[in-house]
Every structure is written in structure tokens, then in C-alpha cells.
Amino acid sequence: MSDATAKKEERRKFQAIRGTRDLLPPETALWNHVEQTAHQVFSTFGFGEIRQPIFEPTELFARAVGGETDIVSKEMYTFKEGTSDFAPNQGRNLSPEVARQMVSSFKNGEIPNTPGNATAVDRIEQTLKEITIAQERLSPETFDSMVEGYNVLLYRLAYLTGQVGEWVSLRPEATASVCRAYIEHNMQQLPQPVKLYYLGPMFRRERPQKGRYRQFYQIGAEILGGTDAPGIDAEVIEMLMTFFDKVSLQGATLYINSIGHNADNCRRGYVEKLKAALEQVKDKLGPDSQRRIDTNPLRVLDSKLESEQAIIATLPRIADHLCDECKTHYAEVKRQLEVRGVLYQENWRLVRGLDYYMRTTFEITAPGLGSQNAVCGGGRYDGLVELLAGPPTKGIGFAIGEDRLILSLQESGKGQAHQGRDIYIAWMGEKAYATAIRAAKDLRKAGYSVELPPLEQKFGKALGQADKLGAKFALILGENEVSEGLWTLKTLSDGTQQKLTESDLLEFLRQQEKVSS
Ligand code: HAM
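What counts and what doesn't
- Residues numbered from 1 in each chain as written.
- Predicted model: local features only at pLDDT ≥ 70, side-chain atom pairs only at ≥ 80, totals over all residues.
- Heavy atoms only, no water.
- Pairing = 2+ DSSP bridges.
- Helix = DSSP H or I, 4+ residues; strand = E, 2+ residues; numbered from the N terminus.
- Axes fitted to C-alpha atoms, helices over the stretch in contact; angles between N-to-C directions.
- Contact = heavy atoms within 4.5 Å.
- Near = heavy atom within 4 Å.
- Polar contact = N/O pair within 3.5 Å; in protein donor to acceptor, adjacent residues only side chain to side chain.
- Nonpolar A, V, L, I, M, F, W, Y, C, P; charged D, E, K, R; others polar.
- Phe/Tyr/Trp six-rings, centres within 6.5 Å; stacked < 30°, edge-to-face > 60°.
- Buried < 20%, exposed > 50% of the residue type's maximum accessible area, 1.4 Å probe, protein only.
- Lys NZ or Arg CZ within 6 Å of the ring centre and 35° of its normal.
- Parallel < 35°, antiparallel > 145°, perpendicular 65-115°, else oblique.
- Left-handed = near helix turned anticlockwise from the far one by under 90°.
- Core = buried A, V, L, I, M, F, W, Y, C linked by side-chain atoms within 4.5 Å.

Engineer: Would you take a moment to explain the sheet that holds strand β4 (residues 167–170) for this structure?
Structural biologist: Think of a sheet as strands paired side by side through backbone hydrogen bonds, with each pair either parallel or antiparallel. With antiparallel pairing, the 3 strands of this open sheet are ordered in space as β2-β4-β3. Only two strands of the sheet have a single partner each, and these edge strands are β2 (55–57) and β3 (78–80). Neighbour-to-neighbour, the strand axes of the sheet open up by a mean angle of 35°, direction not taken into account. Against the sheet, helix α3 (residues 58–65) touches β2, β3 and β4, its axis set at about 75° to β2.

Engineer: What is the right way to look at the site of the ligand in this model?
Structural biologist: Around the ligand, 27 residues are found, and the nearest of them are E173, E206, E222, Y357 and A374. R204 is positioned such that a nitrogen or oxygen atom in its side chain is 2.9 Å from an oxygen atom of the ligand. Contacts to the ligand include Q218, whose side-chain N or O atom sits 3.1 Å from an oxygen atom. Elements with a contribution of two residues or more to the shell around the ligand: β6 (215–224), β10 (374–380) and β11 (395–401). Examining the composition of the shell around the ligand, we find that 6 residues originate from one element, β10, more than from any other. Of the residues contributing to the shell around the ligand, the split by class is 12 nonpolar, 8 polar and 7 charged.

Engineer: Got a minute to help me understand the packing of aromatic side chains in this structure?
Structural biologist: Any two aromatic rings considered together are summarised by their centre-to-centre distance and by the angle between their planes. The full count for this structure, using the stated rule, is 10 aromatic pairs. Measuring from centroid to centroid gives 5.8 Å for F42 and F243, while their planes differ by 55°, and the two rings are tilted. Of this pair, F42 sits in helix α2 (residues 27–44) while F243 sits in helix α9 (residues 230–246), placing them 201 residues apart in sequence. Across this residue pair, the class does not change: F42 and F243 are buried. Each residue in the set F42, F47, Y197, F243, F244 and F398 is aromatic and connected to the rest through ring pairs, giving one cluster. Across from the ring centre of Y213, 4.0 Å away, lies the NZ or CZ of R21, which sits over that ring.

Engineer: Hey, could you run me through the sheet that holds β6 in this one?
Structural biologist: Reading across from one edge, β1-β5-β6-β11-β10-β9-β7-β8 is the order of the 8 strands in this open sheet, with mixed pairing throughout. Taken across any chain shown, the strands that pair with only one partner, and hence form the sheet edges, are β1 (48–49) and β8 (345–346). The pairing of strand β5 (residues 194–203) with β6 spans 10 bridges and is classified as antiparallel. Bridge pairing links K195 to I223 in β6. Taken strand by strand, helix α8 (residues 175–184) contacts β5 and β6, and its axis lies near 45° from that of β6. Here α9 sits on the sheet in contact with β5, β6, β7 (253–258), β9 (358–365), β10 and β11, set at roughly 20° to β11.

Engineer: Sorry if this is basic, but what is going on with the packing of α2 against helix α15 (residues 402–411) here?
Structural biologist: For any two helices packed against each other, the geometry comes down to the angle between their axes and how far apart the axes lie. It is the contact of α2 with α15, at a shortest axis distance of 11 Å, that shows an interaxial angle of 115°. In terms of orientation, α2 and α15 fall into the roughly perpendicular class. For the crossing formed where α2 meets α15, the hand is right-handed. Across from E27, L30, W31, V34 and E35 in α2, the residues of α15 making contact are E402, D403, L405, I406, L409 and Q410. Looking at the contact of α2 with α15 residue by residue, the class counts come to 6 nonpolar, 1 polar and 4 charged.

Engineer: Is there a simple way to explain unusual backbone geometry in this structure?
Structural biologist: For the peptide bond that leads from P25 to P26, omega is 10°, which places it in the cis range. Residue placement: P26 occurs in the loop between α1 (3–10) and α2. Residue Q192 is joined to P193 through a cis peptide bond whose omega torsion reads -5°. One non-glycine residue, R352, adopts positive backbone phi at about 70°. When you line up the elements, R352 lands in the loop between β8 and β9.

Engineer: It is not clear to me how the packing of α2 against α9 should be interpreted in this structure. Could you clarify?
Structural biologist: Axis separation between α2 and α9 bottoms out at 10 Å; the angle between their running directions is 140°. Classified by the angle between their axes, α2 and α9 sit oblique to one another. When the axes of α2 and α9 are compared, the crossing they make is right-handed. For the pair α2 and α9, the contacting residues are V34, T37, A38, V41 and F42 in the first and M239, T242, F243 and K246 in the second.

Engineer: Explain the pairing of β5 to me, please; I cannot follow it from the model alone.
Structural biologist: It is a general feature of regular strands that their side chains alternate between the two faces of the sheet. Counting buried positions along β5 gives 8 out of 10 residues, so the element sits mostly inside the fold. Of the strand pairs in this sheet, β1 and β5 are connected by 2 bridges, and their pairing is parallel. Looking at β5, one finds that E49 is bridged to Y197.

Engineer: Just checking my understanding: could you explain the environment of A276 for this structure?
Structural biologist: Among the secondary structure elements, A276 is positioned in helix α10 (residues 264–280). A276 sits in the partly exposed class, given a relative accessible area of 44%. Separated by 17 residues in the primary sequence, A276 and I293 have C-alpha atoms spaced 9.0 Å apart.

Engineer: Sorry if this is basic, but what is going on with the nonpolar core here?
Structural biologist: Within soluble globular proteins, side chains that are nonpolar generally end up buried alongside one another. Ranked by size, the top nonpolar core spans 94 residues in total, and within it F42, F243, F244, F398 and L405 carry the most contacts. Top contributing element to this core by residue count: α9, with 9 residues. Residues contacting F244, with those up to four places away along its chain left out, are L249, I364, V375, C376, I400 and L405.

Engineer: What's the story with α8 in this structure? I'm lost.
Structural biologist: Since the α-helix packs 3.6 residues into each turn, any two residues three or four apart lie on the same face. The buried count for α8 comes to 8 of 10 residues, which makes it a mostly enclosed element. Along α8, the positions that sit buried rather than exposed are T175, A176, S177, V178, C179, A181, Y182 and I183. Considering only its buried residues, α8 is in contact with β2, α3, β5, β6 and α14 (384–387). A positive backbone phi angle near 45° is found at N186, which sits one or two residues after α8.

Engineer: I tried to follow the pairing of β10 on my own but got confused; where do I start?
Structural biologist: Counting buried residues in β10 gives 6 out of 7 residues, a clear majority hidden from the surface. Across 5 bridges, β10 lies against β11 in antiparallel orientation. Paired with G378 across the two strands is F398, which belongs to β11.

Now the structure itself:
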């Protein structure tokens with residue numbers, strides 16, 4: 001590197017990574033307000049907060065959200081714990097030498113002697129014997145698939161001996177983690193259902209645009225265990241709408257659907273019919289939808305491509321294929337929403353982009369967000385806990401996109417929070433400074449936001465500064481005020497002034513608050 005280039009590098013200014021951003025005051029006051037409201041509303045519905053790691057085993061998300069989904073197949077931030085160069089399925093890194101080490105680690109007791117590991121070691125030993133012969137005799141494809149299988153086993157053992165790290169991912173969502181925690185902490189032994197909520201960052205490597213970030217924030221809630229009574233679905237949606245109402249979100253629209261359950265006479269039957277119908281129109285569809293006919297036909301219904309809309313309108317609809325139980329469940333969810341006074345619209349195309357859903361699905365859109373207008377998504381996911389090796393468990397929940405909620409509030413003018421100081425203390429002289437410090441302490445204790453300048457300023461300059469900071473009052477402390485024991489409080493909006501004793505000050509401020517609220 002030339003000297004000039006090195007200098008330039010040293011002077012590099014750093015910026016937040018694409019798709020991530022800093023949230024700054026005064027906007028963060030609105031974030032806090034929204035989060036406080038979530039804490040309040042959710043606790044009135046009996047939910048408790050769960051705080052979780054932001055990274056988890058990659059496999060947890062692959063299994064829960066689904067390997068074919070965009071989230072898992074394209075968007076996760078995945079890395080390997082530890083420093084080894086091994087990678088699963090990059091077989092040839094794992095030499096027979098490593099394999100022999102694994103086998104001897106197992107025999108020395110360094111790898112736990114579980115039935116699974118014993119079988120893996122057996123198969124590795126067997127493969128080791130065969131591999132030299134196979135290389136000469138088998139077709140390259142057969143040989144490759146054999147080596148691949150053997151490497152997966154080796155990788156697993158290498159992980160158990162701490163020679164390689166586990167693959168981990170930054171969480172793209174939190175439902176899988178909540179289910180993992182439910183199982184890990186034996187929550188099925190608690191009174192059911194268990195109601196949990198969370199707030200925090202999620203990570204998806206999506207193309208950034210308005211309302212779509214690579215680090216974004218969700219406020220979510222999950223109900224695990226107990227029954228799948230439609231009253232639960234309706235109540236969780238009612239809670240959500242109560243929350244949106246409390247934060248004054250305008251123009252929110254709730255869409256609901258039922259996608260049945262994954263049995264022969266319900267969704268599976270429908271997916272087959274859908275697939276057949278899609279095959280008929282395949283050449284009129286774009287490449288993404290064409291690919292999805294095989295990998296995930298339901299997702300074709302999600303397509304936003306203008307040219308596909310007319311075709312999608314003619315496809316078979318799930319509502320016509322629900323089994324009797326799912327039909328009754330869905331009808332009852334709608335009735336219960338009506339009983340609760342929750343307005344909804346049905347949307348037969350609402351299938352959601354994650355694999356774990358069954359029966360009720362819902363989404364809420366809000367204005368002011370452009371194409372990324374879903375401010376919340378959720379649904380029922382009975383069976384997910386079981387899929388993650390837990391007991392059979394009912395589940396339902398939702399996640400609100402907090403970034404989008406804030407954007408929508410700001411666009412509708414509901415996003416202004418007062419961020420100015422309550423009181424700016426303008427002081428002059430050493431004696432006044434000591435009084436100012438005491439006043440600041442007492443006012444802060446009473447809950448007021450106070451700015452105390454660390455250096456003496458002329459009163460004119462101090463008042464200008466108070467104005468810039470959006471202060472409501474300036475407390476003026478000069479030599480006269482201190483010696484007379486009468487402080488001057490100036491209301492900055494109208495320029496009026498009062499002389500107040502120290503003990504009258506708090507009472508006066510309280511009265512002012514009552515007048516303005
Ligand atoms: P989701 O639909 O993938 O569902 O995400 C929920 C919400 O998170 C979306 O409606 C959107 O507001 C927000 N969101 C998603 N991706 C981004 C992004 N890149 N930038 C900004 N906001 C985004 C889930 O995550 C499920 N875990 C919800 C759930 C909970 N289902 C049952 N329980």
C-alpha cells in the first residue's frame with residue numbers, strides 16, 4: 001500500500017452498514033413510548049416478557065421457519081462459532097486422518113457414548129474401510145454422495161469434541177426461539193397456556209428500502225400450550241388492536257384467513273390442486289413463481305407482480321377446501337372477533353412466508369408505508385414445538401414491525417413526542433452556581449428534565465440556548481435571586497416571569513402542568 005493510500009485508509013469515516021441505522025433522539029422518545037405501551041397493554045392480557053439471545057443454532061430456524069423459505073434460504077446472517085476451518089458438507093476438508101482422530105476420541109470417552117454417536121462412529125469406521133476401495137470402483141456420483149454422508153457424520157463428531165463450532169445465525173424472527181425456550185425450560189409444566197412477549201432486533205439480509213431494513217425491530221407475543229379454542233385466536237388479535245389503538249395508529253386494516261392444517265383432506269389436498277392449476281398456467285408466470293410451483297406453491301399467492309394478478313385470481317381458493325373442523329374453527333374465530341368488536345377483512349391469499357403456520361393467519365397493514373405496508377403478521381402454529389422435539393403443543397402469536405409502526409405514526413403526525421428540556425437553569429456567579437446545582441438535583445428528583453450549563457453564561461446567551469433546546473421554562477439564578485431567596489422563573493412560550501421562593505417552585509410547576517394537560 002502506498003503512503004497516500006494508507007493515509008486515506010486511516011482517515012476513513014465509518015458509516016452504519018447498509019440496511020442498519022442509528023435511532024436518535026428525539027425519535028427514540030417515540031420508540032420508548034411505543035414500547036412502554038406494549039409493556040402496559042400486554043401485561044393487562046396476562047403476558048410476561050421474555051428476553052432471549054439474538055443468535056441461535058442455524059438449524060433451529062431452518063427447521064422451524066422452513067429451509068425453502070426466503071428467510072432461511074437467502075436472508076440469514078450465518079457464521080460458525082469457533083475458529084476451525086471445517087465446514088459441513090464441504091466434505092473433502094475432512095480427511096481420513098481427521099476421521100480416525102474422531103473415532104479414537106470416541107473410544108477414549110472424549111465424545112459422549114450416546115446411541116446416536118455410537119452408530120455414527122460405526123458408520124464412519126465402515127466408510128473409512130470402504131472409501132479407499134470405493135474410490136477405485138464406484139461411479140463418481142455414488143462416491144460423492146457417500147463422502148458427503150460421511151462428512152456430515154464427521155462434522156457432528158468434530159462439533160461434539162469442540163474441534164469445530166456450531167453454525168449459528170442471527171435471529172431472523174423470534175417465534176422459533178420462544179418455542180426453543182418453552183421446551184428448554186419445561187414450560188409445559190407451568191399453568192397453561194404460557195403467554196410471553198418480546199421486543200428486540202431481528203436480522204434479515206433483504207434489499208433495503210423504506211420500511212425494510214437488515215436490522216429491524218419487532219414487538220411480538222406468543223401463546224403456547226393449553227387449547228386451540230378460537231377464543232384464543234380472537235383474544236390475541238383483540239390485544240393487538242387494543243395496542244394499535246393505544247399508540248394512536250390511524251387507518252390500520254386487519255386481514256385474516258385460514259390455511260387449514262397439514263393433513264390429507266385439508267391443506268395438503270388443496271396444495272395438490274393448486275399445484276396442478278399452476279402447472280396449467282406455468283408459462284404465463286414469472287421465474288420466481290415458476291420455481292415456487294415445486295418448492296412452495298402457496299407462496300405464489302403472495303406474488304405482487306402486476307402481470308400475475310389476473311392469473312392468481314382464477315386459482316383455487318383454500319376456503320373451498322378446508323376440512324369440516326378447520327371450517328368450524330375459522331367461522332368461530334370470525335364470530336369471536338365480531339363479539340369483541342374487532343373489524344376485519346378476509347383475504348384468501350394471505351398464506352404468510354413462514355412454514356410453521358396452520359389454520360388462522362393474519363396481517364395488519366397501515367398507511368404511509370409504500371409497498372412495505374404490513375405492520376404486523378401472525379398466526380396459529382400448533383405442532384411447531386413438537387417439530388422442535390418438544391411435547392405436542394398449541395401455539396399462536398404475532399410480531400409487529402416496530403420500525404414500520406413508527407414510520408406510520410410519524411407520517412400521520414402522531415409521532416411527535418416532546419423532547420425539549422422542561423427547565424433550563426441560567427445562572428451567574430459562584431454562589432448562584434451552588435444554588436443551581438441544588439435546584440437541578442431537586443427538580444430532577446421530582447421528575448423534570450433539567451439542563452444545567454457547566455459554565456457561566458450571560459443571561460441573554462443562556463436564554464437563547466434554552467430556546468434552542470426547546471425548554472419550557474428558564475430558571476434564572478443571579479446574585480439578587482440568591483440573596484433575596486426569590487428565584488425567577490420565565491415561561492419561554494409567552495415570556496412571562498414569576499418570582500418564587502424555593503419551596504413554591506415545585507408547586508407552581510405542577511399547577512402549570514395541570515393547566516397544559
Ligand atoms: P413476519 O411476517 O416475517 O412474521 O414479520 C412480522 C413483521 O415484522 C412484518 O409484518 C413487518 O412489519 C416486520 N418486518 C419483517 N421483515 C422486516 C424488515 N426487513 N424490515 C422491517 N420490518 C420487517 C414473523 O416474524 C413471525 N415470527 C410472526 C409470528 C409470531 N407469527 C407467530 N408468532
